[in-house]
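# Coordinate inspection notes
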Amino acid sequence: MMLRISKLTDYAVALSVRLAQAGDGERQAGERHQSVRSLARATRIPEPTVRKVLKTLVKAGLVRSVRGAQGGYGLARPANEISVAEIIVAVEGPIGVTECTNEATAGLCELEGRCTVQGPWQQISAVIRAALSELNLADMVTDPDQTSEPPPVRLRLRGDERRPGPPPPLPFAETLS
């Protein structure tokens, strides 16, 4: 098993990055918005899927739609103000690796009241949410001619603010060895 995002979420990130490349959410005079057709061509995502994903992103307030001959789609805010977490939540809902760590599904697990690993899973989910919240669309825009390392994400688990160095192992790590 691996933790993964859905194909629609992957498409939503790809389309958002393409919109960021086209204008960073700040339209200049005479700058054209991106049409569904041009976005589909640029990303190689089928047009019906592009429409569906853009509708979701518009509803979430991440993308704006402009009607008319010069219309199309653009980011609703600058790329550096839109996090990857916002895009994931717009398409998939709240981020959580288990039912008990996702606010939309909390309480649905029959073991939740007596679970011994709920705390660590909540910690893991919080770290993932924080990493995805720190990464924004501007970070995702890459120059195809330039290969670079992804930006560093610096995270600490709760309670580690005073301790230097790497975070301590998770409480259940010793039971795995």
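Figured I'd write up the structure that's included with this text. (Residues numbered from 1 in each chain as written. Predicted model: local features only at pLDDT ≥ 70, side-chain atom pairs only at ≥ 80, totals over all residues. Heavy atoms only, no water.)

## Description of the overall build of the protein
Just so we agree on the cut-off: Under the scheme used here, helices are H or I runs from DSSP no shorter than 4 residues and strands are E runs no shorter than 2 residues, and both carry numbers assigned from the N terminus. Throughout, exposure labels follow a simple rule: accessible area from a 1.4 Å probe, protein chains only, divided by the maximum for the residue type, with under 20% read as buried, over 50% as exposed, and the rest as partly exposed.
When helices and strands are counted, the protein shows seven helices and two strands. Expressed as a percentage of the 177 residues in the protein, the buried residues total 29%.

## Describing the environment of arginine 129
In plain terms, the rule: Any two residues whose heavy atoms approach within 4.5 Å at even a single point are treated as in contact. Whenever a nitrogen or oxygen atom comes within 3.5 Å of another N or O atom, the pair is scored as a polar contact, on the condition that within protein one atom can donate a hydrogen and the other can accept it, and that pairs from neighbouring residues in sequence are kept only if both atoms are in side chains.
In this fold, arginine 129 is placed in helix α5 (residues 118-134). The partly exposed category is assigned to arginine 129, whose relative accessible area is 27%. Aside from chain neighbours lying at most four places away, what touches arginine 129 is Ala85, Ile95, Gly96, Thr101 and Gln122. At 2.7 Å, the side chain of arginine 129 forms a polar contact with the backbone oxygen of isoleucine 95.

## Quick word on the packing of helix α1 (residues 7-23) against helix α3 (residues 47-59)
What counts here: Under this scheme, a helix contributes an axis fitted over its contacting stretch, all axes are lines through C-alpha atoms, and angles between N-to-C directions fall in the 0 to 180 degree range. Each angle receives one of four descriptions, namely roughly parallel if under 35 degrees, roughly antiparallel if over 145, roughly perpendicular if within 65 to 115, and oblique otherwise. We call Asp, Glu, Lys and Arg charged. Ala, Val, Leu, Ile, Met, Phe, Trp, Tyr, Cys and Pro are nonpolar, and the rest, Gly among them, are polar.
Where α1 meets α3, the closest approach of the two axes is 10 Å, and the angle between their N-to-C directions is 80°. The pairing of α1 with α3 is recorded here as roughly perpendicular in orientation. Contacts between α1 and α3 involve Leu8, Tyr11, Ala12, Leu15, Ser16 and Leu19 on the former and, on the latter, Thr49, Val50, Lys52, Val53, Leu54 and Leu57. In terms of residue class, the contact of α1 with α3 is built from nine nonpolar, two polar and one charged.

## Structural notes on α1
We apply this condition: Take the residue count of a helix, subtract one, and multiply by 1.5 Å to get its expected span.
The end-to-end C-alpha distance of α1, which contains 17 residues, comes to 25 Å, matching closely the 24 Å that a straight helix rising 1.5 Å per residue would cover. Looking at α1, one finds that the buried residues are Thr9, Ala12, Val13, Leu15, Ser16, Val17, Leu19, Ala20 and Gly23. Against α2 (36-43), α3, β1 (63-66), β2 (72-75), α4 (84-92) and α6 (137-140) lie the buried residues of α1.

## As for the nonpolar core
To keep things clear, this is the line we draw: Only buried residues count toward a nonpolar core. Its members are Ala, Val, Leu, Ile, Met, Phe, Trp, Tyr and Cys residues joined through side-chain atoms within 4.5 Å.
Judged by nonpolar contacts, the single largest core of 22 residues is most densely connected at Val50, Leu54, Leu75, Ile87 and Leu137. Elements that contribute at least two residues to this core include exactly α1, α2, α3 and β2. Take this core: its biggest share by element is six residues, from α1. Counting residues in hydrophobic clusters, the runner-up holds five residues, among them Val84, Ala85, Ile88 and Ile95.

## Digging into the pattern of salt bridges
One side chain can pair with another of opposite charge once the charged atoms of both are near each other. Note the following rule: The term salt bridge refers to a side-chain nitrogen of Lys or Arg lying within 4 Å of a carboxyl oxygen of Asp or Glu.
On inspection of all chains with the given rule, the structure shows three salt bridges. Between glutamate 47 and arginine 37 there is a salt bridge; the shortest N-O distance is 3.6 Å. Of this pair, glutamate 47 sits in helix α3 while arginine 37 sits in helix α2; the two residues are 10 residues apart in sequence, bridging distant segments of the chain. Accessibility expressed as a relative area gives 25% for glutamate 47, which makes it partly exposed. Here arginine 51 makes a salt bridge to glutamate 47, at a shortest N to O gap of 3.5 Å. Highlighted residues: arginine 51 and glutamate 47, both in helix α3, separated by four residues, approximately one helical turn.

## Side note on the environment of proline 120
Along the chain, the position of proline 120 falls in helix α5. The exposure class assigned to proline 120 is buried, which follows from its relative accessible area of 9%.

## Looking at α5
Along its 17 residues, α5 runs 24 Å from first to last C-alpha, staying within 8% of the 24 Å computed at 1.5 Å per residue. Looking only at α5, the buried set comprises Gln118, Pro120, Gln123, Ile124 and Ser125.

## Brief notes about the pairing of β2
Convention followed: DSSP calls a pair of strands paired once it identifies at least 2 bridges connecting them.
Pairing geometry for β1 and β2, over four bridges, is antiparallel. What sits directly across from arginine 64, in β2, is glycine 74. Hairpin connection from β1 to β2: five residues lie between these consecutive antiparallel strands, with glycine 68 at a positive phi of about 110°.

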